[in-house]
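A closer look at the structure
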Amino acid sequence: MQQVIKQIKERYKIDLQSQDINYQLWRLDDTEYIKLQKNSLPIADDSKIYRELYLSRNEAERNKLNLAQLLTILEWLFGETSNLHDHWKGAFFFPTLLTVIKKSGTFYYLIDIYDHRGWLYFRLYKILEHGKEEQDNQTLQEAFNLEFSQQEINYFFSCFYGYLIGCFRILKKFNPVQPFLKTIDSNLILYGYKEEEYFEKHCDSEEVYQAEIKSFEEVYEKFFNKTDVSAILQTIIRENSEM
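Now for a description of the structure that goes with this document. The structure displayed is predicted, hence computed values, not measured ones.

1. Observations concerning the environment of Ser-186
By the secondary structure assignment, Ser-186 is in the loop between β7 (180–184) and β8 (189–194). Between the alpha carbons of Ser-186 and His-116 there is a distance of 9.4 Å; along the sequence they are 70 residues apart. Each residue touching Ser-186, except ones within four places of it in the same chain, is listed here: Trp-88, Lys-89 and Arg-117.

Okay, here's the thing in structure tokens:
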């Protein structure tokens, strides 16, 4: 007999406030993201924000998060990474709904938070609540200045990155981390956690890259790509019993 089990969906959410604007970031599942992305317009990147995030970090190493640290704090805040990323050029992807709440109104955007060839990126989309017209396409759009200007976008991303840094400083003091390894084949980059340290390594050759992967797997085989089946089963059963 077929049964429909109603469950309360867990939803990761972050609330931020800056310059009289309230922001809500909601983690989306892959199905939600794909549907919303099809009814959204991509906003052109401003390269200045990445210069501020990356180049200025060299002057103050304490404000730098490597890819392993970024993945750890993002998964703590938003749950496990989605698989909707380019597995050749990156290792994580977090689809999120951004609600921008201002005195003039409430506006909805999508943010892709992902790594690409060793860098953290944000891709922003304007959600069209009434759907896209046939003539709409994927041409990059300038920011909609009357609701969320480019200056406000840049400031928000800077604040959000600072928020990640602050959360990570707290998390690393109390949250135990199991060894893990992520790979970026396109640029021969490895990052993860081992010997109680977060690491990010850029290899000079394919031979060194593969040797590093093999070495990690030999030492940490019991952790590498291991799925906790028991935890998954218990979560499903517990959710049903609580209904």
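Picking up after the structure, the text goes on.
2. So, the packing of helix α3 (residues 67–78) against helix α4 (residues 150–174)
Across the interface, α3 lies against α4 with an axial gap of 10 Å and an inter-helix angle of 90 degrees. Between α3 and α4, the crossing angle belongs to the class labelled roughly perpendicular. Here Gln-69, Leu-70, Thr-72, Ile-73, Leu-74, Trp-76, Leu-77 and Phe-78 of α3 come into contact with α4, specifically with Phe-160, Tyr-161, Tyr-163, Leu-164, Cys-167, Phe-168 and Leu-171. Residues that form the contact of α3 with α4 fall into these classes: 13 nonpolar, two polar and no charged.

3. Things to note about the sheet that holds strand β2 (residues 21–27)
In any sheet, the strands associate via hydrogen bonds between backbone groups, in a parallel or an antiparallel arrangement. Within the open sheet, the six strands sit side by side as β1-β2-β4-β5-β6-β3. Their pairing is antiparallel. Single-partner strands in this sheet number two, and they are β1 (13–18) and β3 (40–42). Geometrically, the sheet is characterised by an average inter-axis angle of 30 degrees between neighbouring strands, direction not taken into account. Two strands pair when backbone bridges link them, and strand β5 (residues 105–116) and strand β6 (residues 119–127) are joined in this way by eight bridges, in the antiparallel orientation. Among the inter-strand pairings, Ile-113 is bridged to a residue of β6, identified as Phe-122. Each of β1, β2, β4 (93–102), β5 and β6 touches α3; the most contacted strand, β4, lies at about 60 degrees to it. Packing against the sheet, α4 makes contact with β1, β2, β4, β5 and β6, and its axis sits at approximately 120 degrees to β1.

Calculation notes
Residues numbered from 1 in each chain as written. Predicted model: local features only at pLDDT ≥ 70, side-chain atom pairs only at ≥ 80, totals over all residues. Heavy atoms only, no water. Helix = DSSP H or I, 4+ residues; strand = E, 2+ residues; numbered from the N terminus. Contact = heavy atoms within 4.5 Å. Axes fitted to C-alpha atoms, helices over the stretch in contact; angles between N-to-C directions. Parallel < 35°, antiparallel > 145°, perpendicular 65-115°, else oblique. Nonpolar A, V, L, I, M, F, W, Y, C, P; charged D, E, K, R; others polar. Pairing = 2+ DSSP bridges.

These figures come from the coordinates and say nothing about function on their own.
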